[in-house]
Amino acid sequence: MKLIILDRDGVINEDSDEYVKSHHEWRAIPGSLEAIARLNQNGYRIVVATNQSGIGRGLFDMSALNVMHAKMHRALATVGGKIDAVFFCPHTPEDQCDCRKPKPGLFQQIAKRFGVELGQTTMIGDSDRDLAAGLAAGCEVMLVRTGKGERVVLDGKVPEGVQVFDNLATAVDHLVTRGERV
Ligand SMILES: [Mg+2]
Ligand SMILES: [Zn+2]
């Protein structure tokens, strides 16, 4: 099974420094949903791993998150795309949990649930926390310049071995054409 792990905010939908707190604030990045559909068409399964400390901070609750994700799944379905599961960390940094990125806990949960080796998966994120978590988990790691990604590049915080793309669509372009060559 080919599995891709995606961050959510700044990769699939527009990020916000004030947190994405409701479905009203959830807006897809142009081209991201179509990119996910293209991965599906090429035999990839997609799982999301996302830090949602807004829950732990009391900014929104589980039901608001569920409605947001229902909107995401619905929007994806209209372009023929599908996300298999959303794994999220609801904790704040003070909780010192194992699942908040840069810790690799969410990825390990995904590996267990789907029975995959993380070394065989690709992780695409927009923040230095995503990159650190993906590298710690042993994933192939890609950074997109959307969301916080441009800042990471400008600050020179792209670790060795991380590939950089303009957005999810160009990262997917790379994955799909590479897959065709094999
Ligand atoms: Mg992000
Ligand atoms: Zn957590």
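Look up a bit, the structure's there.
Please read these numbers as outputs of a predicted model, since none were measured by experiment.

**Q** Would you mind showing me how to read the coordination of the zinc ion (ligand 2) here?
**A** Ideal values for angles at a metal depend on the geometry: 109.5 degrees with four tetrahedral donors, 90 or 180 degrees with six octahedral donors. Taken together, the protein donors to the zinc ion (ligand 2) comprise Cys 89 (SG), His 91 (ND1), Cys 97 (SG) and Cys 99 (SG), at separations of 2.0 to 2.3 Å. Around the zinc ion (ligand 2) sit four donor atoms, and with donor-metal-donor angles ranging over 98 to 120° the site reads as tetrahedral. Between consecutive donor residues of the zinc ion (ligand 2), the sequence gaps follow C-x1-H-x5-C-x1-C. Taken as a pair, Cys 89 in strand β3 (residues 85–89) and Cys 99 in the loop between β3 and α4 (105–114) lie far apart in primary sequence, ten residues in all. Of the two residues, Cys 89 and Cys 99, neither departs from the other in class, the shared state being buried.

**Q** Whenever I open this one, the state of the cysteines confuses me. Can you help?
**A** Cysteine pairs can be linked by a disulfide, which is a covalent bond between their two sulfur atoms. Using the criterion set out here, one finds zero disulfides in the structure. The thiol sulfur of Cys 139 is not disulfide-bonded, and the nearest other cysteine sulfur, from Cys 99, lies at 16 Å. Of the residues examined, Cys 139 reaches a relative accessible area of 7% and is grouped as buried.

**Q** Hey, could you run me through helix α1 (residues 32–41) in this one?
**A** What sets the pattern is the α-helix's 3.6 residues per turn: residues three or four places apart point alike. What α1 keeps buried is the set Ser 32, Leu 33, Ala 35, Ile 36, Ala 37 and Leu 39. Gly 43 sits one or two residues past α1 and shows a positive phi near 90°.

**Q** Explain the nonpolar core to me, please; I cannot follow it from the model alone.
**A** Buried together is how nonpolar side chains tend to be arranged in soluble globular proteins. Residues Ile 12 and Ile 124 are the most contacted members of the largest nonpolar core, which totals 30 residues. Going through the elements one at a time, β1 (2–6), α1, β2 (44–51), α3 (62–78), β5 (140–144) and α7 (168–181) are the ones with two or more residues in this core. Those residues in contact with Ile 124, other than ones at most four positions away along the chain, are Ile 4, Ile 5, Leu 6, Asp 7, Val 11, Met 142, Val 144, Leu 168, Ala 171 and Leu 175. Within the second largest apolar cluster, 25 residues are counted, among which are Ala 49, Leu 131, Leu 143 and Val 162.

Rules of the game
Residues numbered from 1 in each chain as written. Chains lettered and ligands numbered in written order. Predicted model: local features only at pLDDT ≥ 70, side-chain atom pairs only at ≥ 80, totals over all residues. Heavy atoms only, no water. Donors = N, O, S within 2.8 Å, 3.2 Å for Na, K, Ca; no water. Tetrahedral: all angles 85-135°; square planar, octahedral: opposite > 155°, others 65-115°. Helix = DSSP H or I, 4+ residues; strand = E, 2+ residues; numbered from the N terminus. Buried < 20%, exposed > 50% of the residue type's maximum accessible area, 1.4 Å probe, protein only. Disulfide = S-S within 2.5 Å. Core = buried A, V, L, I, M, F, W, Y, C linked by side-chain atoms within 4.5 Å. Contact = heavy atoms within 4.5 Å.

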